[in-house]
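Structural features, examined
For reference, the chains in residue letters:
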Amino acid sequence: MKLIGSKMENDFRQELVASNVALQEPNSNLRRVLEASGFNTKNAYVLRWTPDQTDDKYGVLIEASYLVWVEVEKDGSVEPSVEKQELKSYTLGLSRMHQVKLAVAVDLAASKM
């Protein structure tokens, strides 16, 4: 997908940059889970976050190469669940909005490499 500098792209860009900054915080639980699973968070962007009463679910783009799905129980009673997914399979059936967000995240990650 070709980026055109639209308002939606710029809004996503700001949101994704903020997610990367939040991941770099020393007290970030998501960062600890990702790094404990062997993933580098320096070039990672949170594409999806679903907070729930008992857990939080995240979809994180890593190194512009793949998506990592993380589920973290809020009370810490269960080990976090971490699954890696290739981008090609993730992009199948994505809505236009999510395609744009992914394209912006990939562009940000590629510019940091």
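None of the values given here were measured: they were computed from a predicted structure.

Looking now at helix α4 (residues 96-112). An α-helical turn contains 3.6 residues, so a residue and the one three or four places further along point in the same direction. The terminal C-alpha atoms of α4, which comprises 17 residues, lie 25 Å apart, in line with the 24 Å expected from a rise of 1.5 Å per residue. Among all positions in α4, only Val100, Lys101, Leu102, Ala103, Val104, Ala105, Leu108 and Ala109 are buried. The elements touched by buried residues of α4 are α1 (7-23), β1 (44-51), β2 (55-62) and α3 (87-91).

Here the focus is the sheet that holds β1. Here four strands make up an open sheet; going across it, the order is β1-β2-β3-β4 and the pairing antiparallel. Two strands lie at the open edges of the sheet, namely β1 and β4 (81-86), each paired on one side alone. Here the strands of the sheet are splayed against their neighbours by 20 degrees on average, with no regard to which way each runs. Bridge analysis of β1 against β2 gives seven bridges, and the strand direction is antiparallel. Note that in β2 the partner of tyrosine 45 across the bridge is leucine 61. Across the face of the sheet, α1 comes into contact with β1 and β2 while running at roughly 90 degrees to β1. Those strands touched by α4 are β1 and β2, and its axis lies near 145 degrees from that of β1.

To continue, consider the pattern of salt bridges. Counting across every chain of the model gives five salt bridges. Residues aspartate 11 and lysine 7 are paired through a salt bridge, measuring 2.9 Å at the closest nitrogen-oxygen approach. With aspartate 11 and lysine 7 both in helix α1 and four residues apart, the pair spans about one turn of that helix. For aspartate 11, a relative accessible area of 36% translates into the label partly exposed. With a shortest N-O distance of 2.6 Å, lysine 101 and glutamate 15 are connected by a salt bridge. On the criterion of sequence distance, the pair formed by lysine 101 in helix α4 and glutamate 15 in helix α1 is long-range, its members being 86 residues apart.

Quick notes on the rules
Residues numbered from 1 in each chain as written. Predicted model: local features only at pLDDT ≥ 70, side-chain atom pairs only at ≥ 80, totals over all residues. Heavy atoms only, no water. Helix = DSSP H or I, 4+ residues; strand = E, 2+ residues; numbered from the N terminus. Expected span 1.5 Å × (residues − 1). Buried < 20%, exposed > 50% of the residue type's maximum accessible area, 1.4 Å probe, protein only. Contact = heavy atoms within 4.5 Å. Pairing = 2+ DSSP bridges. Axes fitted to C-alpha atoms, helices over the stretch in contact; angles between N-to-C directions. Salt bridge = Lys/Arg side-chain N within 4 Å of Asp/Glu carboxyl O.

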